Amino acid sequence: MAKQTQMLKGVLEGCILEIVSQEETYGYAVCEQLIQAGFSHINEGIVYPILIRLEKKGWLQAEKRPSPYGPKRKYYQLTEMGKRERMEFILRWTETSRRVNQILERRISDENT
Amino acid sequence: MKTRREKMKKSFSLVIAGIVVLLTGLFLWASQIRDQGELGSGQGVIAIAVLTLAGISVFVVYWQARSRNQKLKNLREDYREHLDQVMEWVGQSALQNSEKREIEQELMAIFLEAQGAGRQPQSVIGEDVESFAKDLLDAYGIHPGILSYLLTSTQWVLMYLVIVQGYRSLRHGIGSYYAASMDVEVLFLFAWISFVTLPMIQYGGKAWVVGKRKQGLFAIFGFLTFLIGVGIIEGIHAVADRMPWASEFLGKQVLVFKHPWQLAIAIALAFGIFWLKQWLRKKPLR
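Because the structure is predicted, anything quoted here is derived from the model rather than measured.

**Student:** Is there a simple way to think about the nonpolar core in this case?
**Tutor:** With 53 residues, the main nonpolar core has Ile16(A), Val47(A), Leu51(A), Val86(B), Ile110(B), Phe111(B) and Ala133(B) as its most contacted residues. A total of eight residues in this core trace back to one element, the largest contributor, which is helix 4 (residues 97–116) of chain B. Ignoring any residue separated from it by four or fewer positions in sequence, one finds Val86(B) in contact with Leu107(B), Val129(B), Phe132(B) and Ala133(B).

Written as structure tokens, this is what we have:
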């Protein structure tokens, strides 16, 4: 689990950029979306520091708005830099996953023959 | 309800205030004996000021705890404990107060939402609170290490020097701030407290709040190191008759700030260290 989380940390930044690009959203909702997408072991403790890091890097900007629970929530949206970073992530991920899949497919076909 | 952090803060404030009252009493008693029943006007003012400050500090700690309980009343006990554990790490970090408040507000919002969904706090930030707190501080560019420790301790030493010279000029009725010298042994003790005692108490306090009892013992060791520091000075006093270096050490007086510009440099340096720490923590994000 820990190894998987470590491996995912870089990928999660990209996933969060993608989720925020679709609509302005807040930390808890980002986490919910990741869990729904299958990252079942992800929790707010992993997502919240990433959101802060992305905000500090200038890829996200946040605005505080009232929430039904009392304290204000931070709603995030992509900055111009964030939009560029999201595009770069998509390209990097597509390329990386294509290479990894190639290797895995070759291995599977070798094992089958 | 009382969390471990609240209990620790209240106990520390009472213990420290108790020590201050005791030391002030001893100081007044010793002064009366030494000066044959007469107290200097400066000594009386200092004693009253110190006792008032100790009383105010205890009041502030209790008042803050009360208003914090009011603010967090909607949080369940287990969530409150987790929030306090994280905030102990955040509170002792080099983050600005506005950032600390922001983190607390954000975590409260997240916790209330998770609590409303019937979840346990462990499912929100994981089992290891320390690891989450470190991740959080890392995201803000805070990387506690030897440099940060040295800078903070140096800031404390500078602060003490500025205050203690003022205290000594008042205590001895010296007209000018810039004429009040300090004993070398006092300087040694302040350096010892800044570089050894306080960091150990802080480290132990943080560990104890997150439930790491073994590391939590460092808080007690911290208090012990203070006694060790005093013991070293007393030891030097004991051997001063037989060892020339000891009597030379005890006899030395240092006038740290002879001129206003020296004081200005010390204050500027303390602020400079503050800005350096801020710059260092933003550096990795550039």
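**Student:** Please clarify how the domain arrangement of chain B should be interpreted in this entry.
**Tutor:** When the parts come together, some accessible area is lost, and that loss is often what is quoted as the size of the interface. Residues and elements named next belong to chain B. When cut into domains, chain B gives domain 1 (1–71) and domain 2 (76–140). Taking only C-alpha atoms into account, the centre of domain 1 sits 31 Å from that of domain 2. Counting residues at the interface gives five residues for domain 1, matched by six residues for domain 2. Broken down by class, the residue content of the side of domain 1 that touches domain 2 amounts to one nonpolar, one polar and three charged.

**Student:** Just to check I follow, could you spell out helix 4 of chain B for this structure?
**Tutor:** Residues three or four positions apart in an α-helix share a direction because the helix packs 3.6 residues into each turn. If you check helix 4 of chain B, its first and last C-alpha atoms are 28 Å apart, about what 20 residues at 1.5 Å a residue would give, namely 28 Å. Looking at helix 4 of chain B, one finds that the buried residues are Ile103(B), Glu104(B), Glu106(B), Leu107(B), Met108(B), Ala109(B), Ile110(B), Phe111(B), Leu112(B), Glu113(B) and Ala114(B).

**Student:** What am I meant to see in the packing of helix 8 (residues 184–209) of chain B against helix 9 (residues 213–239) of chain B here?
**Tutor:** Geometry of a packed helix pair, given as the angle between the helix axes and the separation of the axes. All names here are of chain B. Here helix 8 crosses helix 9 at 170°, and the two axes come no closer than 6 Å. The orientation of helix 8 with respect to helix 9, classified from their angle, is roughly antiparallel. Read as a crossing pair, helix 8 and helix 9 show a hand that is left-handed. When its residues are assigned to classes, the contact of helix 8 with helix 9 shows 17 nonpolar, eight polar and two charged.

**Student:** Please explain the sheet that holds strand 2 (residues 60–67) of chain A as it appears in this structure.
**Tutor:** By definition, the strands of a sheet pair up through backbone hydrogen bonds, in either a parallel or an antiparallel sense. Residue and element names in this part refer to chain A. The sheet built from three strands is open, its strands ordered 1-3-2 with antiparallel pairing. Either end of the sheet is taken by a strand with one partner, and the two such strands are strand 1 (25–26) and strand 2. Note that strand 1 and strand 3 (residues 70–78) share two bridges and pair antiparallel. When the sheet's bridge partners are listed, threonine 25 is paired in strand 3 with tyrosine 76.

Analysis parameters
Residues numbered from 1 in each chain as written. Chains lettered and ligands numbered in written order. Predicted model: local features only at pLDDT ≥ 70, side-chain atom pairs only at ≥ 80, totals over all residues. Core = buried A, V, L, I, M, F, W, Y, C linked by C-beta atoms within 7 Å. Buried ≥ 20, exposed ≤ 12 C-beta atoms within 10 Å, placed from the backbone. Helix = DSSP H or I, 4+ residues; strand = E, 2+ residues; numbered from the N terminus. Contact = placed C-beta atoms within 7 Å. Domains from an automatic or database assignment. Nonpolar A, V, L, I, M, F, W, Y, C, P; charged D, E, K, R; others polar. Expected span 1.5 Å × (residues − 1). Axes fitted to C-alpha atoms, helices over the stretch in contact; angles between N-to-C directions. Parallel < 35°, antiparallel > 145°, perpendicular 65-115°, else oblique. Left-handed = near helix turned anticlockwise from the far one by under 90°. Pairing = 2+ DSSP bridges.

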